[in-house]
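# Chain and residue survey
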Amino acid sequence: MINILLSRYRQGHKTAPYPKMNPTLPSRFCGCPKIKQEFCKSDCNKCVTLCPTKAIIQTNKSLAIDLGKCLFCGNCTKVCKQEIIQFTNNHKLSVNNRSDLIIDSNNSLLLAKQLEKKMLKIFGRSLKIRVVSAGGCNGCELDVNALETITWDIGRFGIQFVASPRHADGILICGPITTNMLLAVKETYIAIPNPKIAIAVGACSISGGPYIDHKEQVNGILGANINVDLFIPGCPPHPLTIMDGFMRLIHKIEE
Amino acid sequence: MNNYQFAKIQNGKLLPINSIPKLKINEFRNSIISNTHNGKRLLCLCADRSLNMFAVLSDDEKKTLWINCTQLYSNQYQSLTPECIQAHMFEREMAEQLNIYPQNHPYLKPVRFNNNLQKNNSFTNETLSLESLGPGLMDFYTIKGKEIHEVAVGPVHAGIIESGHFRFQCHGEMVLFLELALGYQHRGIENRMLGKHNFLHLKYAETIAGDSTIAHTWAYCQILEGLANNMVINPNILLIRSIALELERIANHIGDLGNIAGDIGFLPTSESCGYIRGAWLNLTAEFCGSRMGRNWLCPGGLQITNTKEEFSKILDSILKIWNSTESAISLMLNTTSVLNRLEGIGKISTIQAKDIGLVGIPARACGLKIDTRKTHSSNIYNKIPIEISNHSGGDVYSRTIMRWFEIKESYKFLCSALKKIIQTDEITNRPSINVNHLISNSICVSIIEGWRGEVLHFATTDSSSNFTMYKIVDPSFHNWFGLTLSLRNELISDFPLCNKSFNLSYCGHDL
């Protein structure tokens, strides 16, 4: 017992002082991309061809990236001599609508706003989420799990991951939703009492990720006809990005 | 081993297809059965669409790999499983993927419930009708009796873990039999690896099992490097890759120890491991930007060139985090109430482990000395060897303490490896492989010791150098059956603990 107390004393306080201060991100962290439109030659399209999920859209005049498909792999940065696309260390990526995930040379991402008034009143201080892994590779699941550890401690904001959809206020999907999981996801969603929210974490659950258009899956949460309140892109998104998304939804962060 | 029945093969090196002995089906069958009875291990039994069936065996004592093949002329053959249990999952997989029916297989059921089942007639008999076949919808082994009850768990589980279905036959609290139905995470990766190589394959390799990104990606890179006429990789690059692999191993083992501690209610360690695991993952992220090790390895070398300063900084961070790591885990393993809870639960005997072809941590926890880093990767680990840990209990405690042994060994390796890299003058990056110049009509077997166990990739090319077969064997493919054995005659309330002591991959199994 003494050893346990000593060890606890030595460990000290490990919870990050977030959101007052953001934890340090790794120096090679790939956050929100930035597009320098003026240098792009429209007849090149190397980045478009080399993007594994065809997330880069090139029209006559402009370049845009669909963050819902983006795997943040950096192929587009390596192939471009003018460095037109660069990934910054901006971890804020969460949005409310699927169309908001398309980022163009204006380089402005319409970040997620809080839930509407009535929902915020119910969920703002206590939000229970049921996480379903629907064909995920376990990357997003691990980073969602990390939020309950003492470094992030999502519980202090009233957010908890629960064991049953009957206890939940919303569903969080990781993975492209395989056809083998489609029924389970739908039943879990139906079992959550109204009012409820839905959150999509990771490229797979937003668009199918690397498995886009495979017949074994349905291209993510929209393929299961679920209305989504929060999209968090990434492959997998850093726990800070996921945390940021949640904080915006329950109005603990605004800027 | 007979040289005319098998060809010797090296990990990650190509072999022309026509140098592999092509035996008649009966001889093929007997060669595998007799050698597995003599202590060799069946690493892989698979077939391509032209019904060429391959077998890869390992002689762990002599550190050699062997391969042979046969051509099937009909969709049926005599099953190997009754005489070689290690083949059981592979035969079920071939029946499902290629409609190859193993006669007298004692347990023929689908593996992944892929979309092909409608056209498949391997599974139809009086009790299994195609209409009722779906993931989790099949005839489970049932025990009848007035006091027997059946418990079903999953696919959606209480915690944040992947999806799978478990069916228990119980008498009171005692589990008499456990059966699994997986396939919920099936995304169809293997089929997409066929044909002409394309750059999406690297992304598939990275996400086969997202927590084993480095292991699977390295196995995939080795395949391409082998097929690129045995391309020689700079030893420093191999050293950096092995640093990545050991970082992945440590982070996941710490996570497992934390989960096991949490499951038995020992909160001091479970809470500490939460933040310590994050600290180790952040070290991987310092190298490549991704906590899971994505966008780091690539065929031919690495995608990132790290500087000496970065390596030094990471070595300092490792030395700093080690004290907390050691203190948290020793606390758990020195507490008698913890040991009391873990010992004697979920035991598998050494004979069972050998019979079913268990690999990785569960195998080493049963006393089997199986580790690819020692047996088939001498080119990588000869300068800085890793001692392979062992324990003979076969129970939850053995599998738990094995993880601590491996963390210590990996830590020693990391310190030596990083010091060596820092002293090197030139840390080179890599060329890319010209995939139009892969050698045709060849095979390559690539094995990496991931943190769960042995990851195996096996590819064959045709005359145009396109992939005609790409088989992925995650260690979980062998080991799920071990979990079902460990639950027999145990209390059902010990299931979460046993499951966490194995911590197998659902998506690695389902592909």
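Right, let's walk through the structure included here. (Residues numbered from 1 in each chain as written. Chains lettered and ligands numbered in written order. Predicted model: local features only at pLDDT ≥ 70, side-chain atom pairs only at ≥ 80, totals over all residues. Heavy atoms only, no water.)

### Examining the overall build of chain A
A count of helices and strands for chain A gives 8 helices and 10 strands. Taken against the 2.2 N^0.38 rule, which gives 18 Å for 255 residues, the C-alpha radius of gyration of chain A at 19 Å falls within 12% of a compact globule. Once the C-alpha set of chain A is aligned to its principal axes, its extents read approximately 65 × 45 × 35 Å. The buried share of chain A, taken over its 255 residues, is 59%. Across chain A, every contact between residues at least 6 apart in sequence was considered, and the portion connecting residues at least 24 apart equals 74%. For chain A, the accessible surface area stands at approximately 11,300 Å², while carbon and sulfur atoms represent 52% of it. The centroid of the 30 positive side-chain charges in chain A is displaced by 4 Å from the centroid of its 19 negative side-chain charges. (Helix = DSSP H or I, 4+ residues; strand = E, 2+ residues; numbered from the N terminus. Rg over C-alpha atoms; globule rule 2.2 N^0.38 Å. Buried < 20%, exposed > 50% of the residue type's maximum accessible area, 1.4 Å probe, protein only. Contact = heavy atoms within 4.5 Å. Areas by Shrake-Rupley, 256 points an atom, 1.4 Å probe, with all protein chains shown as cover. Lys, Arg positive; Asp, Glu negative; His and termini not counted. Charge placed at Lys NZ, Arg CZ, Asp CG, Glu CD.)

### Examining helix α1 (residues 2-11) of chain A
Considered for burial, the residues of α1(A) that qualify are Ile4(A), Ser7(A) and Gln11(A). For α1(A), the angular spread of the buried residues around the axis is 65°, confining them to a single face. Seen from the open side of α1(A), the exposed residues pointing more than 90 degrees away from its buried face are Ile2(A), Leu5(A), Tyr9(A) and Arg10(A). Against the buried residues of α1(A) lie α7 (267-288) and α8 (308-333) of chain B. Of the residues trailing α1(A), Gly12(A) is marked for its positive phi of about 75°. (Arc of directions from axis to C-beta.)

### Re the nonpolar core
It is characteristic of soluble globular proteins that their nonpolar side chains tend to be buried jointly. Residues Phe166(B), Trp280(B), Phe287(B), Trp296(B), Ile318(B) and Leu342(B) are the most contacted members of the largest nonpolar core, which totals 118 residues. Per-element accounting of this core gives the leading share, 14 residues, to helix α6 (residues 235-263) of chain B. Not counting residues within four places of it along the chain, the set of residues in contact with Phe166(B) comprises Val151(B), Ala152(B), Val153(B), His157(B), Leu178(B), Glu179(B), Leu180(B), Trp480(B), Leu483(B), Phe495(B), Asn499(B) and Tyr506(B). Core analysis: the second largest hydrophobic core is formed by 46 residues, Cys70(A), Leu101(A), Val132(A) and Ile206(A) among them. (Core = buried A, V, L, I, M, F, W, Y, C linked by side-chain atoms within 4.5 Å.)

### Topic: unusual backbone geometry
Following Tyr18(A), the chain continues into Pro19(A) via a peptide bond in cis, with omega recorded as 5°. As for its placement among the helices and strands, Pro19(A) is situated in the loop between α1 and β1 (33-35). In this structure, Pro155(B) follows Gly154(B) across a cis peptide bond, with omega equal to 15°. Within the fold, Pro155(B) resides in the loop between β9 (148-153) and β10 (165-171). One non-glycine residue, Leu51(B), lies in the positive phi region at around 60°. Summarising the element assignment, Leu51(B) is placed in the loop between β4 (41-47) and β5 (52-59).

### Description of the packing of α7(B) against α8(B)
The angle between the axes and the distance between the axes are what describe a pair of packed helices. Residues and elements named next belong to chain B. Interaxial distance between α7 and α8 falls to 10 Å at its minimum, and their mutual angle equals 165°. With respect to α8, the axis of α7 lies roughly antiparallel. Both α7 and α8 take part in a crossing whose hand is left-handed. Its residues assigned to classes, the contact of α7 with α8 comprises 17 nonpolar, 5 polar and 3 charged. (Axes fitted to C-alpha atoms, helices over the stretch in contact; angles between N-to-C directions. Parallel < 35°, antiparallel > 145°, perpendicular 65-115°, else oblique. Left-handed = near helix turned anticlockwise from the far one by under 90°. Nonpolar A, V, L, I, M, F, W, Y, C, P; charged D, E, K, R; others polar.)

### Quick word on the environment of Glu96(B)
Residue and element names in this part refer to chain B. With respect to the element layout, Glu96 can be found in helix α2 (residues 88-98). We classify Glu96 as buried; its relative accessible area is 1%. C-alpha separation for the pair Glu96 and Ser122, spaced 26 residues apart in sequence, amounts to 7.4 Å. Separated by 3.2 Å, the side chain of Glu96 and the backbone nitrogen of Val111 make a polar contact. At 2.7 Å, the side chain of Glu96 and the backbone nitrogen of Phe113 are in polar contact. (Polar contact = N/O pair within 3.5 Å; in protein donor to acceptor, adjacent residues only side chain to side chain.)

### Comments concerning the interface of chain B and chain A
Note on interface size: it is often stated as the accessible area lost on association of the parts. Taken together, the 53 residues of chain B in the interface contact 55 residues of chain A. For the pairing of chain B and chain A, the buried interface totals around 4,400 Å² over both sides, and the portion due to carbon and sulfur atoms is 56%. Taken together, the links from chain B to chain A amount to 3 salt bridges. As a salt-bridge pair, Glu310(B) and Arg28(A) come within 2.8 Å of each other at their nearest N and O atoms. Of all the elements in the fold, those that place two or more residues in the side of chain B that touches chain A are α3 (189-192), α4 (200-207), α7 and α8 of chain B. (Buried area = accessible area lost by both parts, 1.4 Å probe. Salt bridge = Lys/Arg side-chain N within 4 Å of Asp/Glu carboxyl O.)

### Points about helix α6 (residues 179-191) of chain A
Residue and element names in this part refer to chain A. For α6, with 13 residues, the first-to-last C-alpha span of 19 Å sits near the 18 Å given by 1.5 Å per residue. Of the positions making up α6, those classed as buried are Asn180, Met181, Leu182, Ala184, Val185, Thr188, Tyr189 and Ala191. Buried residues along α6 sit in contact with β6 (127-133), β8 (170-174) and β9 (197-201). (Expected span 1.5 Å × (residues − 1).)

### Some thoughts on the pattern of salt bridges
This structure, assessed with the given rule, holds 28 salt bridges over all chains. Taking the shortest distance from any N to any O, the salt bridge between Lys215(A) and Glu216(A) comes out at 3.7 Å. Here Glu216(A) falls in the buried class, since its relative accessible area comes to 2%. Residue Asp371(B) pairs with Arg373(B) through a salt bridge whose shortest N-O separation is 2.9 Å. For Asp371(B), a relative accessible area of 1% corresponds to the buried category. Overall, the relative accessible area of 7% leaves Arg373(B) in the buried class.

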